[in-house]
Amino acid sequence: QHFAVNSFYARRRLPELIVVLATRLQTSAHHALNSCDPRRRLQDRSSSKPAQPSLLLPRARASRRRHRRATRRTPSTRESYRPQHSRQTPLRSRQQETMGDTAHVLEHPSGDGIKVTILPLGATITSVRVPDKHGNRGECVLGFDREEPYLGKNPFFGSVAGRVANRTANAEFSLDGKTYELHANNGHHHLHGGKEGFNRKWWAVVESTATQLTLALRSPDGDEGYPGTLDVRVTYSLPTENTLKIDYAATTDKATPLNLTNHAYWNLEDGGASSVDKHVIRLEAQFYTPTDDDSIPTGEVRAVKGTPMDYCSAPRVVGDGILECDQGNGADHNFVLSGAASEEGLRPVATLWSEKSGRLMKVWTTEPGVQFYTGNFLDGTLRRSDGAKGSPSVGIPYSKRAGLCLECQHFPDSIHRPHFPNIVLRPGETYTQTTVHEFSCAASQSSAFGASGGFFASLF
């Protein structure tokens, strides 16, 4: 306007300036409309030529209204299992956010016991803070402080693995006369549910209190190649100030294999800043299932006594003879639990103790086996706090054997081994599983392993 009033030259070119201005406004309107219409965005990205501005703004508005009507959907049963914030692109819409607005913290009102943080993405345990021998709470699991690293390549830190945890040979199986092909995400084999397993899905929050969180997930028919629509629930609870209990339940409308577990990496000394080599462990397992070079069970069930796999006869320092285990790279094997079960069906799994912190963890489960894994493939590229994307990383890296896993589950590749415990769930049946972690402190190894523990009366 200033040019038009005060410049003779501008007044002479005013019609041309108006045309230029109108063209720019139309271009801006075109880009604004395209940003609201994902179909137009995809079309522009796939085109090798720059998009031309539309001069028919009324038609563009009409197209936008049609798009809104076409994409408007009424709530369905399947959507009821999806968290409202995830919608169709849950893994991308929240990448840059912290976990503050989505994570759930479980803690007794006294504040003296354990503190557990759970993320609905993957039903993931991101933090377990436990008092040490001095009463100071410290981190005891490996994980991340933000959501984004859980969406990238990571070794299932604290997540629920499924539909079928552990390995399925050749990424296929036959059930009731039909062969199903799965996603091969571990060489030629299928691992922990595939490329987009339960660890990469947003679970819906069903119930949340100060000491309990229930999450639900619907896995559709054909998900990662598995048959049947599967409804799963997992409940994390703190029955006592120092006890973490995990309950699983699932139903299906078609026969399907199912084997769930939580893939937490434990380090009772400092949460992964140092190696677990100095931890002391005892497994309540007199047998294990040997594997081939691809970590697939051979089908044999072998006694551990007299072998480097004997973690049962006496408490053993994790790092002692670790490279003498089968395959020579540390422990990554399924152990057959042999302890007597309680009235509730829980049998002892393991006792784990850190001399430096004094922290002691005892594990019980209703499952027949436990995968004992010593973090052999951690390589220092991951760390708990990694800052915002593009900024320098901070925090101590998770190096080899920075944590160990005690994955309570059925045996690996059970679908191909009829003599292994059955993992097929059928319509009308309900899958259930319970795993309990009890924390305390012990001043010495003898006090840590002197008793099996008897907290069941107070817990149930």
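Scroll up for the structure.
Fair warning: this is a prediction, and the values are worked out from it, not measured in the lab. (Residues numbered from 1 in each chain as written. Predicted model: local features only at pLDDT ≥ 70, side-chain atom pairs only at ≥ 80, totals over all residues. Heavy atoms only, no water.)

**Student:** Where do I start with the layout of surface pockets in this structure?
**Tutor:** With a probe scaled to a water molecule rolled over the atoms, the places where space remains empty come into view. Looking at the largest pocket, its volume works out to about 960 Å³. Lining the largest pocket we find 40 residues, and of these Pro155, Phe156, Asn186, Leu191 and Phe377 sit closest to its centre. Put simply, the parts of the chain that give the lining of the largest pocket at least two residues each are β21 (332–337) and β24 (369–373). For the lining of the largest pocket, the class distribution of residues is nine nonpolar, 20 polar and 11 charged. (1 Å grid on protein atoms, 1.4 Å probe; cavity = no way out; pocket = protein on both sides within 12 Å on 5 of 7 lines; lining within 4 Å. Points joined across faces, edges and corners; volume = space filled by probe spheres on them. Helix = DSSP H or I, 4+ residues; strand = E, 2+ residues; numbered from the N terminus. Nonpolar A, V, L, I, M, F, W, Y, C, P; charged D, E, K, R; others polar.)

**Student:** Is there a simple way to think about unusual backbone geometry in this case?
**Tutor:** Most of the time, phi is negative for any residue but glycine, and the peptide bond is trans. Residue arginine 163 is bonded to the preceding glycine 162 through a cis peptide linkage, with omega at 10 degrees. Along the polypeptide, arginine 163 turns up in the loop between β5 (160–161) and β6 (167–168). In the Ramachandran plot, alanine 123 falls in the positive-phi region, its phi being about 50 degrees despite a non-glycine side chain. Tracing the backbone through its elements, the reader meets alanine 123 in the loop between β2 (115–119) and β3 (124–131). A relative accessible area of 0% means that alanine 123 is categorised as buried. Phi at aspartate 413 takes a positive value of approximately 55 degrees, unusual for a residue other than glycine. Following the sequence through the fold, aspartate 413 ends up in the loop between β25 (404–409) and β26 (424–425). (Buried < 20%, exposed > 50% of the residue type's maximum accessible area, 1.4 Å probe, protein only.)

**Student:** Sorry if this is basic, but what is going on with the nonpolar core here?
**Tutor:** Nonpolar side chains tend toward joint burial in soluble globular proteins. Core analysis: the largest hydrophobic core is formed by 58 residues, its most contacted members being Tyr236, Phe335 and Leu406. Ranked by size, the runner-up nonpolar core spans 14 residues in total, among them Leu142, Phe144, Tyr398 and Ala402. (Core = buried A, V, L, I, M, F, W, Y, C linked by side-chain atoms within 4.5 Å.)

**Student:** Would you mind going over the environment of leucine 283 with me for this structure?
**Tutor:** Relative to the helices and strands, leucine 283 resides in strand β17 (residues 280–283). Once the C-alpha coordinates of leucine 283 and leucine 406 are considered, the two residues, 123 residues apart in sequence, prove to be 9.7 Å apart. Every residue in contact with leucine 283, bar those within four places of it in the chain, is listed here: Tyr311, Cys312, Phe335, Val349, Ala350, Phe372 and Leu406. (Contact = heavy atoms within 4.5 Å.)

**Student:** What exactly am I supposed to notice about the sheet that holds strand β4 (residues 137–139) here?
**Tutor:** Whether parallel or antiparallel, the strands of a sheet pair through hydrogen bonds between backbone atoms. The strand order β1-β2-β3-β4 describes an open sheet built from four strands, whose pairing is antiparallel. Sheet topology places β1 (104–107) and β4 at the edges, where each strand pairs with a single neighbour. Strand-to-strand, the axes of this sheet are offset by a mean angle of 20 degrees, without reference to chain direction. Here β2 pairs with β3 via five bridges, running antiparallel. Note that in β3 the partner of lysine 115 across the bridge is arginine 129. (Pairing = 2+ DSSP bridges. Axes fitted to C-alpha atoms, helices over the stretch in contact; angles between N-to-C directions.)

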